[in-house]
Every structure is written in C-alpha cells, then in structure tokens.
Amino acid sequence: MSKNFDVIVIGAGPGGYIAAIRAAQLGFTVACIDEWKNAAGGPAPGGTCTNVGCIPSKALLQSSEHYEHAAKHFADHGISVSGLTMDSAKMIARKDAVVKQNNDGILYLFKKNKVSFFHGRGSFVKPVEGGYEIAVTGAQAETLTAKQIIVATGSSARALPGVPFDEENVLSNDGALRIGGVPKKLGLIGSGVIGLEMGSVWRRLGAEVTVLEAMPTFLGAVDEQIAKEARKAFDKQGLKVELGVKVGEIKAAKKGVSVAYTNAKGEAQTLDVDKLIVSIGRVPNTNGLNAEAVGLKLDDRGAIVVDDECRTSLPGVWAVGDVVRGPMLAHKAEEEGVAVAERIAGQHGHVDFNLVPWVIYTSPEIAWVGKTEQQLKADGVKYKAGTFPFLANGRARALGDTTGMVKMLADAATDEILGVHVVGPMASELIAEACVAMAFRASSEDIARICHAHPSLSESTKEAALAVDKRTLNF
Ligand code: FAD
C-alpha cells in the first residue's frame, strides 16, 4: 500500500528541509526523503551543508582561527601562551558534535511541523492518477504518492578526470573536513570559495598550502579591487597561489601525492604534497532519481532544467537548490524551497537572484551582494563608487584587525545602491545591511543618513556610503 501526501520532497539539505517545513506550515501533508547516513548508519538530514559543507567548515574555521589568534595575536594583548598545542582529533570531534546538533535540530523541526521523514533513497517510479509514485529504498522501504514533488537532491564534488577521490590522499570537501592531523604540505586544485576555506583551516594550523588555479585571475567573480586586497592579505599569510596553471598527471608519491603541472609561463613543474584537496566545482545529484522513468528533463551537466520559478518539464514537479541552475549556495536553496512551497499553495513566492549574498569565510572574510565594478562597466551602467578602509574604523583597530575595506557602488543618476563589497573582519555579518538596503532599493544617501552604533564595524558601511558622495568623515 502506498502512503499518500500532498507534497513529497526528495532531499533534506537546506533546499529540501526548508521547503518541507514551509509546505507543512501552509497546511499540506508532507513527506521528506533523505538518504544521508551518519557514522552509525542513522539519518543525518541537512545535506551537504550540514554534513560536509557550510556548518562543519565553519566549525573548523573557528577552531583554527582560535589557534592562530593564540599563536600569533594574543601577545599583542599582553596575553602570553606557552606550550600551545593543537589536538586535531579533538577539533574534528567538536566539529562532528556541531554537525550532529544540526542533524538533530532538523529531525526535531520535522516533528514539530508534522513532516513525515523517510530515511532512504527517493526515486521516481511512474506518473499516477493526479501525481507521481515515488519509491523509498534503503533503510526504510516504502511507496509514496503525491500530487506535488519537490526535488532537492543537491550536488557532489567534481573529481578530476581519471583521479577519483580516495579521501585519504586525494580529498574532496568530505575528506578535507576530517584530515587526521595537520599535513606538512597541502595542495589545493581550484581557488574557489570551498578550496580557499579549506586551505585556510589547515594553513592556520601550520600546513604549507599551495593553490593551483587554472584561471588567469584570482577570484574572478569578485570585484577586482576587493580580490586584489584579499590576495595581498593571503600573500602576507604565506598562502601560495599559482594562477593560469594546467594540471597534468597526478600520482601517488612515496608519501602523499605528486602533481605535475605547467605554470603560466609554460614551464613544467611538480608539486609534492602530503594531501591534495581537489575543489574544481560540483555536479548535480540526479543519478539516483530515475528521472527517465517520468521523462524529467536534465541539461547536459545533469542538472534539472527549471524555469525562473523552479518548475521542471513535468507538471507538479519542482526542483530547487544545487540540483538546478544558479549559485550553489545554501541560502539560495532555502529561498527557492520557500518560494516553491508558497507557489504550490497558490501564493507568490519570490526569489531575487540579484540579492543573493556571497561570502568567503577566509581571513579576511570576503562578502558581496549585487554588481561588481567590472560588471557595471561591461553593462555600460554609469555609477559612483565609495570605499572606506577598516584601518580608519575605531572598532577594527580595537579588534586588532584592520585589513580590508567596504566598497559601495551606486547609480550615478539615481544614487540607488547597485552593489556592496566587503573584505575584512565580519564581512559575512556586515553584508546583511547591504542586502536589506538593496531589497528596499535604498540610495547610498539613505545609508549615509542612518545612525550606526559607535564603535562598530558597520560604521564602515555608512562611511563607504558617505564616500560615494565624497564626504567621508573619518578618512
Ligand atoms: P544538499 O545540501 O546537497 O542536500 C541534498 C540532499 O539530498 C543530501 O542530503 C543528499 O544525500 C540527498 N539526496 C540526493 N539524492 C537523493 C535521493 N535520490 N534520495 C534521497 N536523498 C537524496 N553554501 C553557503 O551558502 N554558505 C557556505 O558557507 C557554504 N559552505 C560550503 C562549504 C563546503 C565545504 C561545501 C562543499 C559547500 C558549501 N556551501 C556553502 C554550499 C552548500 O552546502 C550547498 O549550496 C547547499 O548544501 C545546497 O543545498 P541543497 O539542499 O540544494 O543540496
């Protein structure tokens, strides 16, 4: 006997579990299926984000930041530390505990919102009268039916052709988050967000990190001025970044991995490392869905084809998050999940892709929303720019972290804010003000006239707004 629901969500990452909760809040009966297993084989909802992505990476970034502060910065405050050691097994265990708290939190939320959770793989069986039949296989075998299906199956790390992840020497994000001890030499292929964050963790703990990047520019999607400032800081920290490289053969070395590559000058080089993290992008998870059984259309990357509102090629089937087009970010997946649940309920769910913030949690942190200066130039938009360095911010000086700046871009004619870019302390938190301002279509003058608490890093946003009109007060 099949169990019938109004909505079935396949995948309990941030896109899926949030969609399931919102659909339940709207009065639907909801099932959510997820196959992720914890170490004991039990359910671990939360997807990549909770298990091997956003949350564990931030837990390790926090631990490694504490270590680096104790090793390098406490002395400036008159605090001396002797016999400083790093127990990386304990750091990994703490990270695992943080992950578990989040897994348990989602199971609690499912209960609270009366979402029925099924632990196993969900796949399409066939269309049925007024909906679809979905098989759950694995720990909990069931047959479910529903009129509305939301696919939120996420993505997995892309391997280099012919170089599978062994998670011992050649690591994806999964292995990179559970390296047993600090590697002496760590190699990274790809200087994207994930690679830089992982590299930061192990560099702070003492690893010599080398990043090999195929693109000729560093952080190509980031505003050029901000990327330049970040690069300066990374260089100072000793993070080696080689741009414009062509990676060749990767083979096991006596201890670790040996990477043959050609540098930007065309010279043959070899990088020998203890561990190699490959971070060259992610592939949508559509393999286990049996999409062909119902004729669900995929693109040539294997992503589910959707329109602007996450409708797939099939009536009543929606897809959200990493498995569809657009930025692979947890908050983008969540926003799409909410919007789809609301559309199913006949409401006007809405996601503004121009207002999806980006954050790189390195030190300095990098965050931005809206257009970069190079995009505005390419689009022929006339704009004004204002920057304010943290060097001139009292709170940043008190914190002992004056790296970076806030940069604001506003329309030359209307003064509407078109983009805000931050590199520096707490950029991940500062960017929220910019998102709110841009959502309300604020002008730089609006921000310049709003009272900001003193001393706070957010005063730099106000000063960047004043800088747009060439009237900074503290610089
Ligand atoms: P996922 O989180 O991938 O979840 C999909 C779920 O579906 C998984 O649990 C999977 O097991 C399950 N599944 C797949 N197929 C099936 C099936 N057939 N049946 C049942 N279950 C299935 N984003 C940010 O916004 N901020 C960050 O700081 C950040 N840091 C990151 C750090 C790292 C190291 C990585 C790898 C990613 C990071 N991301 C970050 C990206 C973020 O994790 C993803 O964008 C987000 O998880 C996508 O959510 P999703 O719901 O689409 O998919």
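Structure: see above.
Notes on the structure follow. What you see is a predicted model, and the numbers here were worked out from it, not measured in a lab.

The next point concerns the overall build of the protein. In terms of helices and strands, the protein carries 13 helices and 22 strands. Principal-axis analysis of the C-alpha atoms gives the protein an extent of 70 × 60 × 45 Å. Across the 475 residues of the protein, 48% fall into the buried class. Of the contacts formed within the protein by residues at least 6 apart in sequence, a portion of 64% connects residues at least 24 apart.

Right, let's talk about the packing of helix α3 (residues 54-73) against helix α4 (residues 88-112) for a bit. With their axes 9 Å apart at the nearest point, α3 and α4 run at an angle of 140° to one another. Judged by the twist between their axes, the crossing of α3 over α4 is right-handed. Contacts between α3 and α4 involve I55, P56, A59, L60 and S63 from the first element and M91, R94, K95, V98, V99 and N102 from the second. A breakdown of the residues in the contact of α3 with α4 according to their chemical character gives 7 nonpolar, 2 polar and 2 charged.

A sheet is described by the order of its strands in space; here 5 strands give the open sequence β18-β19-β22-β21-β20, paired in antiparallel fashion. Each edge of the open sheet is held by one strand with a lone partner, namely β18 (358-360) and β20 (383-389). Within the sheet, the average angular offset between the axes of one strand and its neighbour, ignoring direction, is 10°.

With respect to spatial proximity, 38 residues lie near the ligand, and among them G11, G13, G47, G154 and G321 are the closest. At the level of elements, α1 (14-25), β2 (30-34), α2 (47-52), α3, β4 (121-128) and α8 (330-344) are the ones that each hand at least two residues to the shell around the ligand. Class assignment of the residues belonging to the shell around the ligand gives a composition of 16 nonpolar, 18 polar and 4 charged.

Residue P364 follows S363 across a cis peptide bond; omega there is 0°. Take P364: it is sitting in the loop between β18 and β19 (365-370). For the peptide bond that leads from H454 to P455, omega is -5°, which places it in the cis range. Counting through the fold element by element, P455 comes out in the loop between α12 (444-448) and α13 (459-468). Positive phi, normally seen in glycine, also occurs at C310, with a value near 70°. Residue placement: C310 occurs in the loop between β16 (282-284) and β17 (317-319). Backbone geometry places K470, a non-glycine residue, at a positive phi of 55°.

Bridge count between strand β12 (residues 246-252) and strand β13 (residues 257-262): 5 bridges; the pairing is antiparallel. Of the residues in β13, the one forming a bridge with V247 is Y261. The antiparallel pairing of β12 with β13 creates a hairpin that spans 4 residues between the two strands, and G256 there sits at a positive phi of about 100°.

Attention shifts here to the sheet that holds β12. The antiparallel open sheet is built from 3 strands, whose spatial order is β12-β13-β14. Edge positions in the open sheet fall to β12 and β14 (268-273), since each of these has one partner strand only. Neighbour-to-neighbour, the strand axes of this sheet turn through a mean angle of 20°, independent of strand direction. Pairing between β13 and β14: 6 bridges, direction antiparallel. Note that in β14 the partner of Y261 across the bridge is Q269.

If you trace the backbone, N38 turns up in the loop between β2 and α2. Dropping the residues within four chain positions of it, N38 is found in contact with A44 and N103.

The first and last C-alpha atoms of helix α6 (residues 193-204) sit 17 Å apart over 12 residues, in line with the 16 Å expected at 1.5 Å per residue. Within α6, 12 of the 12 residues are buried, which leaves the element mostly enclosed by the surrounding structure. Buried within α6 we find V193, I194, G195, L196, E197, M198, G199, S200, V201, W202, R203 and R204.

Parameters at a glance
Residues numbered from 1 in each chain as written. Predicted model: local features only at pLDDT ≥ 70, side-chain atom pairs only at ≥ 80, totals over all residues. Helix = DSSP H or I, 4+ residues; strand = E, 2+ residues; numbered from the N terminus. Buried ≥ 20, exposed ≤ 12 C-beta atoms within 10 Å, placed from the backbone. Contact = placed C-beta atoms within 7 Å. Axes fitted to C-alpha atoms, helices over the stretch in contact; angles between N-to-C directions. Left-handed = near helix turned anticlockwise from the far one by under 90°. Nonpolar A, V, L, I, M, F, W, Y, C, P; charged D, E, K, R; others polar. Pairing = 2+ DSSP bridges. Near = placed C-beta within 6 Å. Expected span 1.5 Å × (residues − 1).

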